[in-house]
Amino acid sequence: MTDPTPSPALPAVVDLETWRAELAALRIREKAATRELDAIAAQRRRLPMVELPEITLESPAGPVRLVDVFRGASQLIVYHHMWHPGAEWQCGGCTSYTSQFTRLDFLERYDARFVVVTQGPIQEALAYREKVGNRMEWYSTADSPFGTLMDAPPGGGFMLTVLLREGERIFRTWSTTGRGIEQLSHTFPLIDVLPYGRREEWQDSPQGWPQTEAYAGWLDSPDIARLYGPAGS
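The name an unreviewed UniProt entry assigns to the protein is DUF899 family protein, from the organism Brachybacterium hainanense.

Here it is, written out as structure tokens:
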């Protein structure tokens, strides 16, 4: 029986010398982008900061001061996980993003930690963390102004915030959301080096490149269950 599925378009096939020349030309642009990212990081290190008031979050053991979430470190990365009350599966993008980090102890040598906060009640948040096998520590901002102060209020979107501690004082140094968070992951950067990329319509791809709903919707709820399942599975 003939397979009715049409074959996808393919990149041009050339000789080795031509391929190396094309790759060398691309690497010039890639190197320029790397240097620009270095310059952006340098500018980020020079950003001013804003001091935060004393804030309390909800931890698995009860109320905890934000300053104590640092656990002695001077720097804290906080991911604000979107939360929809009563939903079986929370934001697919947030679930995917936080679940990719299985080892964060390397941050200790940089005097830093990485935690998740969400507007969901702490017990519900911890149950979801367990359900998807997330490794990060979770805290609730349901009864705290912290989410709103960080531009991630109840019903709001996801956000990543970086905080700096000096003694008992805490400062907000940098935040990003949307595609700004992509650089802080390994999923999309890996997908972007594939010949077919993300297979999404918005991307600039050659004519005939596969762009299907199957790939655009891979973070839908049934796939979250299949990909992550219960902790330890």
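From this point, things continue past the structure.
Participant: Sorry, what's going on with the side chain of Thr161 here?
Facilitator: Locating Thr161 in the fold gives a position in strand S7 (residues 159-166). For Thr161, a relative accessible area of 0% translates into the label buried. A distance of 3.3 Å separates the side chain of Thr161 from the side chain of Ser175, its partner in a polar contact. Non-local contacts of Thr161, meaning those with residues more than four positions away in its chain, are made with Leu76, Ile77, Val78, His80, Met150, Arg172, Trp174 and Ser175.

Participant: Any chance you could explain the pattern of salt bridges here in plain terms?
Facilitator: Pairs can form between side chains of opposite charge once their charged atoms are near each other. Taken as a whole, this structure holds 11 salt bridges when the rule is applied. Put simply, Glu137 and Arg113 hold a salt bridge, and the shortest N to O gap is 3.0 Å. Taken together, the residues Glu137 in strand S6 (residues 137-140) and Arg113 in strand S5 (residues 112-118) connect sequence positions 24 residues apart. Note that Asp151 and Arg172 form a salt bridge whose closest N and O atoms lie 3.1 Å from each other. Remark: Arg172 occurs in strand S8 (residues 169-176) and Asp151 occurs in the loop between helix H5 (146-149) and S7; sequence separation between them is 21 residues. Exposure remark for Asp151: the relative accessible area of 47% places this residue in the partly exposed category.

Participant: Any chance you could explain the packing of aromatic side chains here in plain terms?
Facilitator: What describes a pair of aromatic rings is the distance from one ring centre to the other and the angle between the planes of the rings. Under the counting rule described, the total for this entry stands at 7 aromatic pairs. Taking the centre distance of 6.4 Å and the plane angle of 75° together, the rings of Trp89 and Tyr128 count as edge-to-face. Here Trp89, found in the loop between strand S4 (75-81) and helix H3 (92-99), pairs with Tyr128, found in helix H4 (residues 122-132); they are 39 residues apart in sequence, far enough to count as distant. For the pair Phe101 and Phe114, a centre-to-centre distance of 5.4 Å together with 40° between the ring planes defines the contact as tilted. With Phe101 in the loop between H3 and S5 and Phe114 in strand S5, the pair connects residues that are 13 residues apart, well separated along the chain. An identical accessibility class is assigned to Phe101 and Phe114; each is buried. Within the aromatic cluster, the residues linked to one another by ring pairs are Tyr79, Tyr97, Phe101 and Phe114. The ring of Trp174 has Arg44 lying over it, and the distance from NZ or CZ to the ring centre is 4.6 Å.

Participant: How should unusual backbone geometry be read in this particular structure?
Facilitator: With the exception of glycine, the majority of residues adopt a negative phi angle, and the majority of peptide bonds are in the trans configuration. The backbone phi angle of Asp111 is positive, close to 60°, even though this residue is not glycine. In this structure, Asp111 sits in the loop between H3 and S5. Look at Arg199: it is not a glycine, yet its phi comes out positive at around 60°. Within the fold, Arg199 resides in the loop between helix H6 (187-192) and helix H7 (213-216).

Participant: Hey, could you run me through the pairing of S7 in this one?
Facilitator: Pairing of S4 with S7 involves 6 bridges; the strand directions are antiparallel. Bridge pairing in S7 links Tyr79 to Leu160. Hairpin connection between S7 and S8: a loop of 2 residues separates the two successive antiparallel strands, and Gly167 in this loop has a positive phi of roughly 65°.

How each quantity is defined
Residues numbered from 1 in each chain as written. Predicted model: local features only at pLDDT ≥ 70, side-chain atom pairs only at ≥ 80, totals over all residues. Heavy atoms only, no water. Helix = DSSP H or I, 4+ residues; strand = E, 2+ residues; numbered from the N terminus. Buried < 20%, exposed > 50% of the residue type's maximum accessible area, 1.4 Å probe, protein only. Polar contact = N/O pair within 3.5 Å; in protein donor to acceptor, adjacent residues only side chain to side chain. Contact = heavy atoms within 4.5 Å. Salt bridge = Lys/Arg side-chain N within 4 Å of Asp/Glu carboxyl O. Phe/Tyr/Trp six-rings, centres within 6.5 Å; stacked < 30°, edge-to-face > 60°. Lys NZ or Arg CZ within 6 Å of the ring centre and 35° of its normal. Pairing = 2+ DSSP bridges.

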